[in-house]
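Each chain is listed here by its residues.
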Amino acid sequence: MENGAAPTAKPVIVAIDGPSGTGKSSTSKAVAAQLGLSYLDTGAQYRAITWWMVHNGIDLADPTAIAAVAGKPEIVSGTDPAAPTITVDGVDVAAPIRTQEVTSKVSAVSAVPEVRTRITELQRSLATGAERGIVVEGRDIGTTVLPDADLKVFLTASPEARAARRSGELKGADLHATREALIKRDAADSSRKTSPLAKADDAVEVDTTELTLAQVIECVVTLVEEKRAGK
Ligand code: DC
């Protein structure tokens, strides 16, 4: 059947977590597209709120200042896997949220509990509103945001493989510097107090180091189909 899912199929919620450079975004988008599901990049939401803070001159060294304005920006995510979008107060921020400035600051902003509460609410409402189901990618989706997800996947890869993929995406950025920045960001994301990057007990761990993107996509699609078939 076209698009994988039968029209009457019960909505399926898929949580895909893991550190940066494991292929989460490419995998999640492709799985959603193949199965006719919506897609949500939660990292983009944390990047968007960070962009807004930078843009408005908020002191990011001060968690109290971040918390005080966490409710202000209006963040809207478009969940079509073929053309995901993200706006803040109506401004398309798809490009500026990928700058080095935002990347280096997003861990500090996303560690603030008021920011997480706000973004988690948005994520839950998008997930429950997705008619045919949704693939949600992030760091704490299986543990905190959607603990009742039908399928939880935790993607991993060696730091070398992750740095190589990231510097490829950044069009030849220095491999060593990319590896160091990535390890630093993962350490910050894994050690924060409020819902850190973590594998849920009932998540399926997939080590993507030796796999092609096509193999990872096939693996996750099979896992979703098995769940749907009640296996
Ligand atoms: O997936 P990404 O690299 O675009 O995510 C950017 C940052 O957002 C990441 O360093 C940590 C934060 N993040 C988070 O705290 N929780 C999530 N569910 C997703 C991302």
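This structure is a prediction, so every number in the text was calculated from the model and none was measured.

Asks: What is the right way to look at the nonpolar core in this model?
Replies: Nonpolar side chains in soluble globular proteins tend to end up buried together. Formed by 23 residues in total, the largest nonpolar core has its most connected members in Met53, Ile66 and Val115. Of the residues forming this core, the biggest block, seven residues, is contributed by helix α2 (residues 42-55). Apart from the residues within four sequence positions on either side, Ile66 is in contact with Met53, Ile58, Asp59, Leu60, Ala108, Val109, Val112 and Val115. Listed in part, the 19 residues of the second largest apolar core include Ile16, Val31, Tyr39 and Leu223.

Asks: Just to check I follow, could you spell out the sheet that holds strand β7 (residues 151-156) for this structure?
Replies: Strand pairing in a sheet takes place through backbone hydrogen bonds and is either antiparallel or parallel in direction. If you trace the five strands from one edge of the open sheet to the other, you get β2-β6-β1-β7-β8, paired in parallel fashion. Of all the strands in the sheet, just β2 (38-41) and β8 (204-207) have a single pairing partner and so form its edges. Recorded for the sheet is a direction-independent mean angle of 20° between the axes of neighbouring strands. As judged from the four bridges shared by β7 and β8, these two strands associate in the parallel manner. Looking at the pairing, Phe154 lines up with Glu205 of β8. In this fold α2 packs onto β2 and β6 (133-138), with an angle of close to 45° to the strand it touches most, β2.

Asks: Mind showing me how you'd approach the sheet that holds strand β5 (residues 91-92) here?
Replies: Within the open sheet, the three strands sit side by side as β3-β4-β5. Their pairing is antiparallel. Strands at the two margins of the open sheet, each flanked by one partner only, are β3 (75-78) and β5. Strands in contact with α2 are β3, β4 (85-88) and β5; relative to β4, the strand with the most contacts, it is inclined by about 25°.

Asks: Whenever I open this one, the site of the ligand confuses me. Can you help?
Replies: In the region of the ligand, 16 residues are neighbours, and Arg47, Arg116, Asp140, Arg185 and Asp189 sit closest. Residue Arg47 places a side-chain N or O atom 2.7 Å away from an oxygen atom belonging to the ligand. A distance of 2.7 Å separates an oxygen atom of the ligand from a polar side-chain atom of Arg185. Expressed as a share of its isolated accessible area of 450 Å², the protein-covered part of the ligand is 97%.

Asks: I'm lost on the pattern of salt bridges in this one. Help?
Replies: Oppositely charged side chains are able to pair whenever their charged atoms sit close together. Tallied over the full model, the rule gives 10 salt bridges. Between Lys152 and Asp202 there is a salt bridge, with the nearest N and O atoms lying 3.1 Å from each other. Here the residue Lys152 occupies a position in strand β7, and Asp202 occupies one in the loop between α8 (175-191) and β8, the gap between them amounting to 50 residues. A residue is classified by how much of its surface remains accessible, and Lys152, at 6% relative accessible area, is buried.

Asks: Please clarify how the UniProt feature "binding site: ATP" (unreviewed entry) in the protein should be interpreted in this entry.
Replies: Those places that UniProt annotates as "binding site: ATP" (unreviewed entry) correspond, in this numbering, to Gly18, Pro19, Ser20, Gly21, Thr22, Gly23, Lys24, Ser25 and Ser26. For Gly21, the location among the structural elements is in the loop between β1 (12-17) and α1 (24-35). The buried category is assigned to Gly21, whose relative accessible area is 9%. Not counting the four nearest positions on each side in its chain, Gly21 is found in contact with Arg162, Arg165 and Arg166. With respect to the helices, strands and loops of the structure, Ser25 is situated in helix α1. The residues contacting Ser25, other than those within four sequence positions of it, are Tyr39, Asp41 and Glu137.

Asks: In this structure, what is going on with the packing of α2 against helix α5 (residues 113-129)? I would like to understand it.
Replies: The description of two packed helices rests on the angle between their axes and on the distance between the axes. Here α2 crosses α5 at 140°, and the two axes come no closer than 11 Å. Looking at the two axes, α2 sits oblique to α5. α2 and α5 meet at a crossing whose hand is right-handed. Two secondary-structure elements touch here, α2 through Thr42, Gln45, Tyr46 and Ile49 and α5 through Val115, Arg116, Ile119, Thr120, Leu122, Gln123 and Leu126. Partitioned by chemical class, the residues of the contact of α2 with α5 number six nonpolar, four polar and one charged.

Asks: Help me out: how do you make sense of the pairing of β1 in this one?
Replies: Within a regular strand, the side chains alternate between the two sheet faces. Across the six residues that make up β1, a large majority, six, are buried. Across the two faces of β1 the burial is the same, with Val12, Val14 and Ile16 and Ile13, Ala15 and Asp17 all buried. Pairing of β1 with β6 involves six bridges; the strand directions are parallel. Residue pairing for β6: Ile16 is matched across the bridge by Glu137. In this sheet, β7 lies alongside β1 in parallel orientation, the contact comprising four bridges. In the sheet register, Ile16 faces β7, and the bridge partner there is Val153.

About the cut-offs
Residues numbered from 1 in each chain as written. Predicted model: local features only at pLDDT ≥ 70, side-chain atom pairs only at ≥ 80, totals over all residues. Heavy atoms only, no water. Core = buried A, V, L, I, M, F, W, Y, C linked by side-chain atoms within 4.5 Å. Buried < 20%, exposed > 50% of the residue type's maximum accessible area, 1.4 Å probe, protein only. Helix = DSSP H or I, 4+ residues; strand = E, 2+ residues; numbered from the N terminus. Contact = heavy atoms within 4.5 Å. Pairing = 2+ DSSP bridges. Axes fitted to C-alpha atoms, helices over the stretch in contact; angles between N-to-C directions. Near = heavy atom within 4 Å. Polar contact = N/O pair within 3.5 Å; in protein donor to acceptor, adjacent residues only side chain to side chain. Areas by Shrake-Rupley, 256 points an atom, 1.4 Å probe, with all protein chains shown as cover. Salt bridge = Lys/Arg side-chain N within 4 Å of Asp/Glu carboxyl O. UniProt positions renumbered as here; feature names shortened; annotations may be inferred. Parallel < 35°, antiparallel > 145°, perpendicular 65-115°, else oblique. Left-handed = near helix turned anticlockwise from the far one by under 90°. Nonpolar A, V, L, I, M, F, W, Y, C, P; charged D, E, K, R; others polar.

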